[in-house]
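# Architecture and fold: a report
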Amino acid sequence: MRRYILILALAVPLTAAAQFFDHFEGDRLAGHWRFTSWGQSWEHSVSDSMLHVTRVFGQAEIHGVHILAELPALANFDAVSIMGWDSGSVGRGMGLTIWNGANLNRDIATIGYREPRNADPVVIVSFNNTRDGYIEVPAPPPGMHEFRLSRTGTTLEAFLNGELLLRSTDSDMLSGNWVGLVFGARDPAVFNPLHVDLVDVVPEPTTLMVLAAGALYLLRRRRP
């Protein structure tokens, strides 16, 4: 019993060390976010504990920007973002992504909202940039929604508001060492706002127990 209590006690600081969390407090993006694009730019604000994206523009037909934050290298992860959009279909898009920046910038998993040309809005899921790991489903109404990506072992899962959208057992197991938010638009002159309430990434619980057990082993090795 004492062993399990110690493991759980060790898991608490390990969780804190490995967790990424941003509730967009204050009036600007936190310093852990890095902006990147292919020549595009954006307009945004931070207020009321939310990130508000009010414009994305550039020279291409479809404009896109990313903000990225570095993670510890996670084999297993559980990533959640509360994201939403105002009414009005104007070719916007937004997404949550976990990717590997050390392996040719490989996209491990993405879930997001997109407004196709001449079609109803959809929620898209993409795993490992493969055709078999892709799905589109009708998007929910405007408002705030929970988007979630999870990987345990070789199993990747994507959820929208707690409902499983796609499961794949063919993950290539690249470590997830970046979390990103992507925003896009087709017509920057007409852009109804997009919103992000939070981003939360933690190791999947099995990983935490392995880390805690390893810490316990090291502690026992150090005993005289």
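See above for the structure.
This section reports on the structure supplied with the text. (Residues numbered from 1 in each chain as written. Predicted model: local features only at pLDDT ≥ 70, side-chain atom pairs only at ≥ 80, totals over all residues. Heavy atoms only, no water.)

## Overview of the overall build of the protein chain
Put simply, the test is: Per the convention used, a helix needs a DSSP run of H or I reaching at least four residues, while a strand needs a run of E reaching at least two, with both numbered from the N terminus. Using a 1.4 Å probe on the protein chains alone, a residue whose accessible area is under 20% of its type maximum counts as buried, one over 50% counts as exposed, and one in between counts as partly exposed. Two residues form a contact once any of their heavy atoms are found within 4.5 Å. Per-residue and other accessible areas follow the Shrake-Rupley method at a 1.4 Å probe size, with only the shown protein chains counted as cover for residues.
Counting its secondary structure elements, the protein chain contains two helices and 15 strands. Here the protein chain, with 224 residues, has 46% of them falling under the buried criterion. Within the protein chain, counting contacts between residues at least 6 apart in sequence, those at least 24 apart form 65% of the total. Total accessible area computed for the protein chain in this model is approximately 11,500 Å², and 54% of it derives from carbon and sulfur atoms.

## Some remarks on the nonpolar core
Stated precisely, the cut-off is as follows: Put simply, buried Ala, Val, Leu, Ile, Met, Phe, Trp, Tyr and Cys residues joined by side-chain atoms within 4.5 Å make one nonpolar core.
With 45 residues, the main nonpolar core has Leu-149, Leu-181, Phe-183, Val-199 and Val-201 as its most contacted residues. Broken down by element, the residue count for this core peaks at five residues, all from strand 5 (residues 63-74).

## Here's the deal with unusual backbone geometry
At Asn-118, a position not held by glycine, the phi torsion is positive, near 55°. Residue classification places Asn-118 among the exposed residues on the basis of a relative accessible area of 78%. Within the chain, Asn-161 stands out as a residue other than glycine whose phi angle is a positive 50°. As for its position among the elements, Asn-161 is in the loop between strand 12 (155-160) and strand 13 (163-168).

## Notes on the pattern of salt bridges
Using the following cut-off: When a carboxyl oxygen of Asp or Glu lies within 4 Å of a side-chain nitrogen of Lys or Arg, that pair is called a salt bridge.
In this structure the tally under the stated criterion is six salt bridges. Ionic pairing is found between Arg-28 and Asp-27, a salt bridge with its closest N-O pair at 3.4 Å. Given the relative accessible area of 57%, Asp-27 is considered exposed. Residues Glu-157 and Arg-167 are paired through a salt bridge, measuring 2.6 Å at the closest nitrogen-oxygen approach.

## Remarks on the environment of Ala-69
As for its position among the elements, Ala-69 is in strand 5. Looking at Ala-69, the relative accessible area reads 0%, which means it is buried. With 108 residues separating them in the primary sequence, Ala-69 and Asn-177 have C-alpha atoms 8.7 Å apart. With sequence-adjacent residues up to four places away left out, Ala-69 is seen in contact with Phe-20, His-32, Trp-33, Asn-177, Trp-178 and Val-179.

## Focus: the pairing of strand 7 (residues 93-100)
Cut-off, in case you're wondering: Strands pair, by our definition, only if DSSP identifies at least two bridges between them.
The buried fraction of strand 7 is high, at eight of eight residues. Here strand 7 shows no split at all, with Gly-93, Gly-95, Thr-97 and Trp-99 on one side and Met-94, Leu-96, Ile-98 and Asn-100 on the other all buried. Where strand 7 and strand 8 (residues 106-114) come together, eight bridges link them in antiparallel fashion. From the neighbouring strand, Met-94 faces strand 8, where its bridge partner is Tyr-113. Relative to strand 14 (residues 176-185), strand 7 runs antiparallel, the two being bridged by seven bridges. Bridge pairing in strand 14 places Ile-98 opposite Val-179.

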